[in-house]
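Structure assessment
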Amino acid sequence: MHRKSMTHAPNAPDKGSFPLDHFQECEILAEKYRLCLAASSGIPKKCKDEAKNYLECRMNKGLMAKQNMEELGFIPESSWEFEQLSKKEKIEKVQKIIQESRERVRKEYEERQRGNN
Amino acid sequence: MFGKKYFSNSAAGWYWSGGIFGMVFGLTYLAPVFYRMFCERTGYTGVGLKQKGYDYSKMHDPKKIHRKFELHFQGVCEPELGWSFFPLQDSVMLNAGETVLAFFRAYNDTDQPVIGISAYVVQPDEVVQYFNKIQCFCFDEQLLNPHEEVDLPLFFYLDPKLCDDPVLSEVKEITLMYTFYKAQDQTLVELLKNHPNSPLNRPPVKNPLIVDD
C-alpha cells in the first residue's frame, strides 16, 4: 500500500517566532508553570491556568500577538477535570454493560434450568 | 462587422495582434490593483483560499482525549555556536488536539553576541506531519548577547488526525529534538557592535528568579 504522505519538511509556525523575552518580564510566570508541570508529573493539562497566565503576560507585554484564550485551546473541554469526568463516564458505561450482560447470561441459564426440569 | 475596412491590408493584422497583446499585458499589471480594490470593497477572502484556522479550540476532539502520548524533548547545538541549549522539561504526557506550552533554555557561553537558528526533527518520522507549532523559536534567527540566558518557549499541538493514521496506531512515545546552529549571516552582530543604541551597551538585566544575598 502506498503511503499517502510520509515525511515532509517541517513548515513554519502559524504565529511565527516568539520574540525573545530579553528583559525577563514574564519569567516568574514561566517558572510557575514549570514548577506546576514538574509537580504534575509532566501533564500539561493540569497546568492550563499557569500556561494561560504566562501567555497573557506575553500578550500584555507585546511579546505575543493578542488572541482570545479560548481560540488558543484554553476551553473547558480541554481541561483535566473534563478528562477525568469523561473517563469516569466511560468506565461506568463499560461496567454497566458488563453488569447487564451478566444479568442476561444468568437469566438465560435459569430459563434453561427451568426448561430442563 | 469586421469587414474589409479593418482588415484591408496585412499590416492591420499586426496592429490588431500588437494591440491585443499590449492590452493583455497591461491588464496583468493592473490585475493586482483591481484585485485589491475588489477585496477591500467587498471583504471577500476567496472560497478557494484555505483560512489559516487560528481557532485551535477546534482541534479538540473528545473521542481522542484518552489516547496519551509521551513526548520527550531534546536540545542540542553545534559546537561552533558556543551555547548551552537544553529543554526545561524532559517529557510531557499529552493527547492529540491539546495545546501545550514547553520551554527550552539557551545560554551564550561566549564573549561575543551570536546569532543562532534552530531546526527540529520528530521521531517517529511520520509524526512530523501532525506536529503543529502555534508559535515557537524555530527557523528564525535568535541573537544572544554575551553571557545572556533566555527562555525559548514553544506552543504546539498534535493534530488529532494522528490517531486515525494506521501507520502510527502503535505509537506511544514521540521525541522532539531541536538543534541550534550558528547562523551563517552574522552581519547583524557587527552592526550592533557599532551602533550607539545597541543592546550590547545596555546594563545587564537582573534575572528576577535569582536572589542576591
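Residues numbered from 1 in each chain as written. Chains lettered and ligands numbered in written order. Predicted model: local features only at pLDDT ≥ 70, side-chain atom pairs only at ≥ 80, totals over all residues. Heavy atoms only, no water.

The name that an unreviewed UniProt entry assigns to chain B is Cytochrome c oxidase assembly protein CtaG, with the source organism given as Stentor coeruleus. What UniProt records for chain B under Function (unreviewed entry) is the sentence "Exerts its effect at some terminal stage of cytochrome c oxidase synthesis, probably by being involved in the insertion of the copper B into subunit I." Quoted verbatim from the Subcellular location (unreviewed entry) field of the UniProt record, the comment on chain B reads "Mitochondrion inner membrane". (UniProt positions renumbered as here; feature names shortened; annotations may be inferred.)

In the nomenclature of an unreviewed UniProt entry, chain A corresponds to CHCH domain-containing protein from the organism Stentor coeruleus. Heading Sequence similarities (unreviewed entry) of the UniProt record for chain A holds this comment: "Belongs to the COX19 family." Listed under Subcellular location (unreviewed entry) in UniProt, the entry text for chain A is "Cytoplasm".

**With respect to the state of the cysteines**
All names here are of chain A. Following the criterion strictly, the structure yields two disulfides over all chains and no others. Cys26 shares a disulfide with Cys57; S-S distance 2.0 Å. Linking Cys26 and Cys57, the disulfide has an S-S dihedral of approximately -90 degrees and is accordingly described as left-handed. With Cys26 in the segment before helix 1 (27-39) and Cys57 in helix 2 (residues 48-60), this residue pair connects regions lying 31 residues apart in the sequence. By relative accessible area, Cys57 is classed as buried at 8%. Across the disulfide from Cys36 sits Cys47; the S-S distance is 2.0 Å. Where Cys36 bonds to Cys47 through sulfur, the torsion about that S-S bond is close to -95 degrees, and the disulfide is left-handed. Pair noted here: Cys36 is in helix 1 and Cys47 is in the loop between helix 1 and helix 2, with a separation of eleven residues, a long-range link. Owing to a relative accessible area of 14%, Cys36 belongs among the buried residues under this scheme. When its relative accessible area of 0% is taken as the criterion, Cys47 is described as buried. (Disulfide = S-S within 2.5 Å. Helix = DSSP H or I, 4+ residues; strand = E, 2+ residues; numbered from the N terminus. Buried < 20%, exposed > 50% of the residue type's maximum accessible area, 1.4 Å probe, protein only.)

**Focus on the interface of chain A and chain B**
Taken together, the contacts link 50 residues of chain A with 50 residues of chain B. When the area that chain A buries against chain B is broken down by residue, the three leading residues are Asp14(A), Phe18(A) and Leu20(A), summing to 15%. Summed over the shared surface of chain A and chain B, the result is three salt bridges. Arg105(B) is the salt-bridge partner of Glu27(A), the closest N and O atoms lying 3.5 Å from each other. Applying the counting criterion to the chain A and chain B interface returns ten residue pairs in polar contact (both at pLDDT 80 or more). (Contact = heavy atoms within 4.5 Å. Buried area = accessible area lost by both parts, 1.4 Å probe. Salt bridge = Lys/Arg side-chain N within 4 Å of Asp/Glu carboxyl O. Polar contact = N/O pair within 3.5 Å; in protein donor to acceptor, adjacent residues only side chain to side chain.)

**A closer look at the domain arrangement of chain A**
Per the domain assignment, the segments of chain A are domain 1 (22-75) and domain 2 (79-117). Once you take the C-alpha centre of each, domain 1 of chain A and domain 2 of chain A turn out to be 43 Å apart. (Domains from an automatic or database assignment.)

**Brief notes about the side chain of Asn95(B)**
Among the secondary structure elements, Asn95(B) is positioned in strand 3 (residues 91-95). Among the polar contacts made by the side chain of Asn95(B), one reaches the side chain of Lys68(B) at a distance of 3.2 Å. Look past the residues within four positions of Asn95(B) in its chain and what remains in contact with it is Lys45(A), Glu83(A), Lys64(B), Ile65(B), Arg67(B), Lys68(B) and Phe69(B).

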